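Chain by chain, the residues run as shown.
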Amino acid sequence: MNNKVYNNRAWLLVLPMLVLVAFSAIIPLMTVVNYSVQDVLGPNASFFTGTEWFRTMLNDSALQAAFGRQIMFSLIILAIQIPLGIGIALIMPKQGWQASAVLILITLPLLIPWNVVGSIWQIFTRGDIGLMGWGLRELGINYNITRNAGDAWATIILMDVWHWTPLVAMLCYSGLRSIPEAYYQAARIDRASKWAVFRYIQLPKLTNVLVIAVLLRFMHSFMIYAEPFVLTGGGPGSSTTFLTQSLATMAIGQQDLGPSAAFSIIYFLVILLVSWVFYTTIMHLQKDKNSQGGV
Amino acid sequence: MSYQLENTQQGEKYNTIFSKVPAAERRKRHSRSRLRKRLLLGTYIVLLVLPLYWLLNMSLQTNSEILGSMTLWPQNLTFDNYIGIFTNPSWYMGYVNSIMYVVMNMIITMLVALPAAYAFSRYKFIGDKHLFFWLLTNLMAPPAVFLLPYFQLYYSVGLFDTHIAVALAHCLFNIPLAIWILEGFMSSVPKEIDETAYIDGYSFPKFFIKIFIPMISSGIGVVLFFLFMFSWVELLLARTLTSTDAQPIGMIMTRTSTASGIDWGTLAAAGMLTIVPGILVVYFVRNHIAKGFALGRT
């Protein structure tokens, strides 16, 4: 919309929201910043440490390892969920009771509390009482998520794919629904192949929702906590300990205020930076494409 | 070289346009690809439902049956696990607590997000773009970052272990999300509607409540769905800000694992019950949900 009116009284409409978000975001964030540069020894005993905590955190090898695992996890699930989600969206029925039924079924995993998702998969993959764990054992596969790091990783990725692919599929489905029927008719008249329809009609229309999907999935997977915590507890060893779990242990478990505050800020900045880089890259790509007169 | 390539492509296209495949054969191919689609989708749905079915299966068994043998469906159907939850206040209050803070959060978020989204969709004002971007950054903030300060903040203002504390904490990500989606829906309403209403003598509040809100009602339904979704599934903040009086169900579920082992049947039944509110909510918005997932921007 380019015909917006310039009116600073609009601030009055934004104000209640601003007060509330300030209470739940700015004040806490300032507290974090405050802790990150101090060493808090007691209620009234703290001294300024400058960037010391930041340096400690950046050089902490356990955190670096958790960071590496986190990046790898996010990349793997993006590589699986985005194509799979597009594929599912393409085969979902478009109308009738089947469409409603499929919609409701597919949305289900998104509405389950995250720790319950962990529990579901913990039960499902147990060798003694879980269908999947039992089935794999019967097939003669030595599968144990509490002992074998590879199995734990595979299970967590499978769980995340199960849990979040529906979001990508729903986003793509809603993108596909916005394509006018006339486009498909034109394609039929041209006898366009299925691939051509996908490449030149469907995919361009999906770009917007895919940007949202990738951003949301990246952000959420980067903050994953409850599911792996319940499923594996971060183990075996620390092979599935991701960043939020490291942070929660440090902040709540050990009450290390300074280091965990510094870690929080680094963590937040990394997510912001990656999202921003990703977003601007895509926008530039689109601009280039548009200026070349493409689709 | 490039000319040749172009030529062959053109030639192929030419061939497909005047393809000699008879209509009947084409229809057969069409129905075959339809069948393949259905099969693929069916497989996916089965895989999707399987873990949930397993949870349901376990929730209808006694612990001895769960641990005793591998049964693909309950041999001795029992509802004891559910009855146990519904007759024990320390269990079912967990659901009441969760629903209370979710509903509170939905009301608070809507009250502040509706006017703010209207401002963003209709007016330019100093710092509007920065404000909007800053709002979206809150969506990206890991809740874990706010764990400690929230705990201290709500403790110091005496809100610790109340429903409103969790509701306010969830505003951190729900308000930006609501504004983001609502702004999309509102921008698709023509501006002439506002102007006509003002000419007809409507005041802003009257116009907003009587005309504008009904026009974006499907958008509001979808936003409520998202607010419910993200508040209902969040546990990290909800757990940290409560201890006994407002404890969410997700936290109470951890009680099933005791020194004498895990009470699998009750855990499964409690898990099944956390899925029910979600099913109800998605059922109500099923016709608008496709548009809502595109955040009103298609």
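Residues numbered from 1 in each chain as written. Chains lettered and ligands numbered in written order. Predicted model: local features only at pLDDT ≥ 70, side-chain atom pairs only at ≥ 80, totals over all residues.

Helices and strands together make up the secondary structure of chain B, namely 15 helices and three strands. Per-residue burial over chain B gives 41% buried out of 298 residues. Counting contacts in chain B only where the partners sit at least 6 residues apart, residues at least 24 apart contribute 80% of the total. (Helix = DSSP H or I, 4+ residues; strand = E, 2+ residues; numbered from the N terminus. Buried ≥ 20, exposed ≤ 12 C-beta atoms within 10 Å, placed from the backbone. Contact = placed C-beta atoms within 7 Å.)

A word on the overall build of chain A. Across its full length, chain A carries 12 helices and three strands. Taken over the C-alpha atoms alone, chain A extends approximately 75 × 70 × 35 Å along its principal axes. Buried residues in chain A amount to 37% of all 295 residues. Considering only contacts within chain A whose residues lie at least 6 apart along the sequence, 71% involve residues at least 24 apart.

Listed by partner, the interface residues are 81 residues for chain B and 79 residues for chain A. When residues in the side of chain B that touches chain A are grouped by element, the largest group, 13 residues, is from helix α2 (residues 23-59) of chain B. When the residues that make up the side of chain B that touches chain A are grouped by side-chain class, the tally is 62 nonpolar, 12 polar and seven charged. As paired elements, strand β1 (residues 5-6) of chain A and strand β1 (residues 123-124) of chain B share two bridges and run parallel to each other. Within the sheet, the bridge partner assigned to A:Val5 lies in β1(B) and is B:Tyr123. (Nonpolar A, V, L, I, M, F, W, Y, C, P; charged D, E, K, R; others polar. Pairing = 2+ DSSP bridges.)

Glancing now at unusual backbone geometry. Despite not being glycine, A:Arg191 has its phi angle at roughly 55°, a positive value. Assignment of secondary structure puts A:Arg191 in the loop between α8 (181-189) and α9 (194-222). Overall, the presence of 14 C-beta atoms within 10 Å leaves A:Arg191 in the partly exposed class. Phi is positive for B:Asp161, which is not a glycine, with a value near 65°. Within the fold, B:Asp161 resides in the loop between α7 (143-156) and α8 (163-187).

We now examine the UniProt feature "domain: ABC transmembrane type-1" (unreviewed entry) in chain A. When the UniProt feature table is mapped onto this chain numbering, "domain: ABC transmembrane type-1" (unreviewed entry) sits at residues 67-278 of chain A. The straight-line gap between the two end C-alpha atoms of residues 67-278 of chain A is 18 Å; of that span, 77% is helix and 0% is strand. (UniProt positions renumbered as here; feature names shortened; annotations may be inferred.)

Right, let's get into the environment of A:Ser193. By the secondary structure assignment, A:Ser193 is in the loop between α8 and α9. On a C-alpha basis, the gap between A:Ser193 and A:Asn8 in space is 53 Å, while along the polypeptide they are 185 residues apart.

Along helix α1 (residues 10-36) of chain A, the largest kink reaches about 45° and is centred on A:Ala22. Every buried residue of α1(A) is listed here: A:Ala10, A:Leu13, A:Val14, A:Met17, A:Leu20, A:Val21, A:Ser24, A:Ala25, A:Pro28, A:Val32, A:Tyr35 and A:Ser36. (Bend = angle between axes of the 7 residues up to and from the residue.)

A few words on the UniProt feature "transmembrane region" (unreviewed entry) in chain A. Residues and elements named next belong to chain A. Per the UniProt record, the feature "transmembrane region" (unreviewed entry) sits at residues 12-33, 71-91, 103-124, 152-176, 197-219 and 260-279. Across residues 152-176, the secondary structure splits into 100% helix and 0% strand, with the terminal C-alpha atoms separated by 35 Å. Note that residues 260-279 is 100% helix and 0% strand, and that its end C-alpha atoms are spaced 28 Å apart.

Before going further, it helps to examine the UniProt feature "transmembrane region" (unreviewed entry) in chain B. All names here are of chain B. As recorded in UniProt, the feature "transmembrane region" (unreviewed entry) lies at residues 39-56, 99-120, 132-151, 163-186, 207-233 and 264-285. Between the C-alpha atoms that bound residues 132-151 the distance is 27 Å, and the span itself is 90% helix and 0% strand. Between the end C-alpha atoms of residues 163-186 there is a gap of 31 Å, over a span that is 100% helix and 0% strand.

This part takes up the nonpolar core. Counting 149 residues, the largest nonpolar core has A:Cys172, B:Ala113, B:Ala116, B:Ile179 and B:Leu182 as the members making the most contacts within it. Broken down by element, the residue count for this core peaks at 17 residues, all from α8(B). Residue contacts for B:Ala116: discarding those within four places in its chain leaves A:Leu13, A:Val14, A:Met17 and B:Ile179. (Core = buried A, V, L, I, M, F, W, Y, C linked by C-beta atoms within 7 Å.)

This brings us to the confidence of the model for chain B. Residues and elements named next belong to chain B. Put simply, chain B has an average pLDDT of 81, and 89% of its residues get 70 or more. No element of chain B has a lower mean pLDDT than helix α1 (residues 2-17), at 45, and none a higher one than helix α5 (residues 89-122), at 90. Ignoring residues within four places in sequence, the model shows residues 1-15, a span with pLDDT below 50, making zero contacts including any to other chains. We note a pTM of 0.83 for the whole complex and an ipTM of 0.81 for its interfaces. (pLDDT = per-residue confidence, 0-100.)

With respect to the helices and strands, the residue B:Pro205 is situated in helix α10 (residues 204-215). For the pair B:Pro205 and B:Pro115, spaced 90 residues apart in sequence, the C-alpha to C-alpha distance is 9.9 Å.

In this section: the packing of helix α11 (residues 217-233) of chain B against helix α14 (residues 264-284) of chain B. Residues and elements named next belong to chain B. Close contact between α11 and α14 brings their axes to 10 Å; oriented N to C, the two are set at 165°. When the axis of α11 is compared with that of α14, the two are roughly antiparallel. Regarding α11 and α14, the two cross each other, and that crossing is left-handed. Mapping the contact onto sequence places Phe225, Phe228 and Trp232 in α11 and Pro277, Gly278, Val281 and Val282 in α14. (Axes fitted to C-alpha atoms, helices over the stretch in contact; angles between N-to-C directions. Parallel < 35°, antiparallel > 145°, perpendicular 65-115°, else oblique. Left-handed = near helix turned anticlockwise from the far one by under 90°.)

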